[in-house]
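For reference, the chains in residue letters:
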Amino acid sequence: MANWETVVVNTDLLICGGGFSACGAATEAAYWAKKKGLKVTLVDKAALDRSGAVAMGLSAINQYVGIRDGENTVEDYIRYVRSDLMGISREDLVYNIARHVDSTVHLFEKWGLKIWKDEKGKYVHEGRWQLMINGESYKVIIAEAAKNAIAAAGGEIFERVFIVDPLMDGNKCVGAVGFSTRENKFYVFKAKAVIATMGGAVHVFRPRSVGEGFGRSWYPPFNSGSSAYFTIKAGAEMTCQEVRFIPVRFKDAYGPVGAWFLLFKSRAVSATGGDYMVVRKAELENWKPYGLVKPIPANLRNYLGMLDTELGLGPLYMETDEAIKNIAAQYKEDPKAFKKKMKELESEAWEDFLDMTISQAILWAAQNLKPEEKHSEIAACEPYFIGSHSGASGAWVSGPEDLPTPYKWGYANMTTAEGLFAAGDGSGASSHKFSSGSHAEGRIAGKSAIKYIVEKGKAPNVNMDEVEKLKAKILLPLDLWEKHSKETTDPEINTNYIVPRQFLHRLQKIMDEYAGGVISGFKTSKALCERGLELMAMLKEDSAKSAARDHHELMRVWENNQRVMQAEAHVRSILFREETRWPGYYFRADKPKMDDKNWKCFVNCQYDSKTGQWKMMKKDIWTMPGV
Ligand SMILES: Cc1cc2nc3c(=O)[nH]c(=O)nc-3n(C[C@H](O)[C@H](O)[C@H](O)COP(=O)(O)OP(=O)(O)OC[C@H]3O[C@@H](n4cnc5c(N)ncnc54)[C@H](O)[C@@H]3O)c2cc1C
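### Re the site of the ligand
Thinking step 1. Near the ligand you find 37 residues, and of these Ser21, Asp44, Ala60, Ser388 and Ser435 are the closest.
Thinking step 2. A distance of 2.6 Å separates an oxygen atom of the ligand from a polar side-chain atom of Asp44.
Thinking step 3. A distance of 2.8 Å separates an oxygen atom of the ligand from a polar atom in the side chain of Asn223.
Thinking step 4. Contact with the protein chains removes 97% of the 1000 Å² of surface that the ligand exposes when unbound.
Thinking step 5. Listed by contribution, the elements that provide at least two residues to the shell around the ligand are helix H1 (20–36), strand S3 (40–44), strand S4 (60–61), strand S8 (161–169) and helix H12 (434–456).
Thinking step 6. Residue composition of the shell around the ligand, grouped by class: 18 nonpolar, 16 polar and three charged.

### Notes on the packing of aromatic side chains
Thinking step 1. Under the definition given, this model contains 36 aromatic pairs.
Thinking step 2. Seen from their ring centres, Trp218 and Tyr219 are 6.3 Å apart, and the 65 degrees between their planes marks the pair as edge-to-face.
Thinking step 3. Seen from their ring centres, Trp350 and Trp364 are 5.3 Å apart, and the 80 degrees between their planes marks the pair as edge-to-face. Of this pair, Trp350 sits in helix H10 (residues 335–356) while Trp364 sits in helix H11 (residues 358–366), and the two are 14 residues apart along the sequence.
Thinking step 4. Overall, Trp364 belongs to the buried group, its relative accessible area being 0%.
Thinking step 5. Among the aromatic residues, ring-to-ring pairing joins Phe250, Trp260, Phe264, Trp350, Phe353 and Trp364 into one connected group.
Thinking step 6. Stacked on the ring of Trp396, the Lys or Arg Arg90 has its end atom at 4.6 Å from the ring centre.

### A closer look at the pairing of strand S10 (residues 185–190)
Thinking step 1. Of all six residues in S10, five are buried, a share of seventy percent or more.
Thinking step 2. With five bridges connecting them, strand S9 (residues 172–180) and S10 associate as antiparallel partners. Note that in S10 the partner of Val177 across the bridge is Val188.
Thinking step 3. Connecting S9 to the antiparallel partner S10 that follows it, the hairpin turn spans four residues.

### Some remarks on helix H16 (residues 551–576)
Thinking step 1. If you check H16, its first and last C-alpha atoms are 38 Å apart, about what 26 residues at 1.5 Å a residue would give, namely 38 Å.
Thinking step 2. Most of H16 is tucked away, with 22 of its 26 residues classed as buried.
Thinking step 3. N-cap assignment for H16: the residue whose side-chain oxygen lies 3.2 Å from the backbone N of His552 is Asp550.

### Notes on the side chain of Ser51
Thinking step 1. Residue position: Ser51 is located in the loop between S3 and S4.
Thinking step 2. The class of Ser51 is buried, set by a relative accessible area of 3%.
Thinking step 3. Polar side-chain contacts of Ser51 include one of 2.7 Å to the side chain of Asp44.
Thinking step 4. A polar atom in the side chain of Ser51 sits 2.9 Å from the side chain of Lys139.

### Overview of empty space enclosed by the protein
Thinking step 1. Overall, the coordinates contain three cavities of 30 Å³ or more when judged by the stated rule.
Thinking step 2. As for the largest cavity, its lining consists of Ser59, Trp116, Met132, Ile133, Ala259, Leu263, Phe264, Glu348, Glu351, Asp352 and Asp355.
Thinking step 3. When contributions to the lining of the largest cavity are tallied by element, the ones reaching two or more residues are strand S6 (131–134), helix H6 (258–263) and H10.
Thinking step 4. Counting residues per element, the lining of the largest cavity draws most heavily on H10, at four residues.
Thinking step 5. Of the residues in the lining of the largest cavity, the class split is six nonpolar, one polar and four charged.
Thinking step 6. Taken as a whole, the second largest cavity spans an internal volume of roughly 60 Å³.
Thinking step 7. Surrounding the second largest cavity, 14 residues form its lining, Gly199, Gly200, Ala228, Asp425 and Gln566 being those nearest its centre.

Thresholds, definitions, all that
Residues numbered from 1 in each chain as written. Predicted model: local features only at pLDDT ≥ 70, side-chain atom pairs only at ≥ 80, totals over all residues. Heavy atoms only, no water. Near = heavy atom within 4 Å. Polar contact = N/O pair within 3.5 Å; in protein donor to acceptor, adjacent residues only side chain to side chain. Areas by Shrake-Rupley, 256 points an atom, 1.4 Å probe, with all protein chains shown as cover. Helix = DSSP H or I, 4+ residues; strand = E, 2+ residues; numbered from the N terminus. Nonpolar A, V, L, I, M, F, W, Y, C, P; charged D, E, K, R; others polar. Phe/Tyr/Trp six-rings, centres within 6.5 Å; stacked < 30°, edge-to-face > 60°. Buried < 20%, exposed > 50% of the residue type's maximum accessible area, 1.4 Å probe, protein only. Lys NZ or Arg CZ within 6 Å of the ring centre and 35° of its normal. Pairing = 2+ DSSP bridges. Expected span 1.5 Å × (residues − 1). 1 Å grid on protein atoms, 1.4 Å probe; cavity = no way out; pocket = protein on both sides within 12 Å on 5 of 7 lines; lining within 4 Å. Points joined across faces, edges and corners; volume = space filled by probe spheres on them.

By themselves, these are just geometric observations and shouldn't be taken as functional.
See below:
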């Protein structure tokens, strides 16, 4: 076995991940931990300042309810999420996040985030729930608060340590193991409670950007399904694993469209089919009641565009020039004011990208594209797993203590594995939390985990023999490379191992072709899912033959294995749910209709690490009384 030092870290609370929900968890947990003399440890595979989905910055906070100004109520938010997810949401969790999210946003402002204000000092809304921000340094600001809180409570932060597996004592999570992506160090974290906040997953499906563009995707490439893998391996019940997210974004550089649709009121059209939201309106009847709700659910908006694309009526375009002209038209009587407004709109259009997706600005520049002169192509991206956004996949967590919810087994946001909590993309069926809601949910989980430790926390019982076995398994790819890489003239072609890139391409091919990726127009069926699972079983066999030439590739190997777990949970859940509920995200061609009678329920699943078997379950939907 590779000769790596084993570093044992003892802590009370372990936070795995360093993104928005982890920073929320750290800030809140450290506050309570300090009072109780407990230690909080946070582990991120990257550097906290620029890690996770918000690494590059954002131009809007997408969840703000506006309770203090009477703009909306928490109940309004529940109704919005319920409709957007076609009836499938954990309303207790959505409620809990929504009632806390405003205070989180106010903290962001206190910590230095610039939120746009109008002349009356009110926040500038991009849409009903969204606030415009100067967000290039959004993550840096939120990370700083988390770092300060942990430092003040005497905790520890580990950066560039990749978490692989949970440590279990029966059904209880007692820590995690991982490795440094820079040094020859294998880490064993022993903890009384653990929070899984390692984001969602990208590159499970083959991306549109292949070859020279490989790596480019809407979802930043850093998150590989570590939260899902961790909670699944812990034996925790998972939910909504079939609910992937496919955003429609500016094509090829994946630039955001929110400001165009919401702020600039732009239309999207297909080149020869016209305004598909108008032309295809009748299709929405087939998906009622959700199809008739305003705003129309994101998947249905996607679907109407996809119907045009399928018929060869594309490309799809965002009518940027028309939108800018419409806004500036209010100033047309005054040429000077008109010119000034046009300039202002042009700079806002570019800044929207520079705040969060710089590559889109580069692509516009490279293609000589001026948004005020010419429309710009949009397209449905490949599928992603991001339960905090418009997807819903994640762990099945306990509801808030003060609500009469049927989903309660103790501590808020604890999974069905004792002592293991989840938040953000890590927890399921509570979509539309976005950056602010993920932070708020992290705070909820952080406080709840400390409460659990205070009331039930015992010294973790970690079996070090098991840890040694895990260490050997996790470092094996380095050994395989060391042993066999000189046997062939091209070290990437070798009968004794498979390199991470080859493995990834194989997984992506299976998912693309069988599980409803881009190539199959997001369509799948029972037969396709079953064949996909057969091929995945062979891929899983080969995972034991993964080789890594260095630290970086070792991380790639384990990212791949984590993606496979997410992929399998996804395919099994699609197979189990015998209907099509989210056209525009995926379409079960053999069950093309929504079946509320049999399938208005959650699909949950649970993996047994000992037998390798999956259990699939239906769970009832609880609707918030009076909402
Ligand atoms: C392209 C895009 C645009 C978005 N736009 C907006 C927007 O405009 N407004 C808005 O409010 N929200 C937006 N969101 C949503 C927001 O970014 C997410 O809701 C939020 O980041 C989720 O928080 P999280 O903590 O679950 O995950 P993340 O913030 O992604 O954090 C995951 C963390 O886990 C770490 N990690 C991953 N794997 C491991 C591992 N194995 N070991 C250790 N650490 C690990 C990562 O390094 C990272 O620190 C957007 C998301 C995306 C992807």
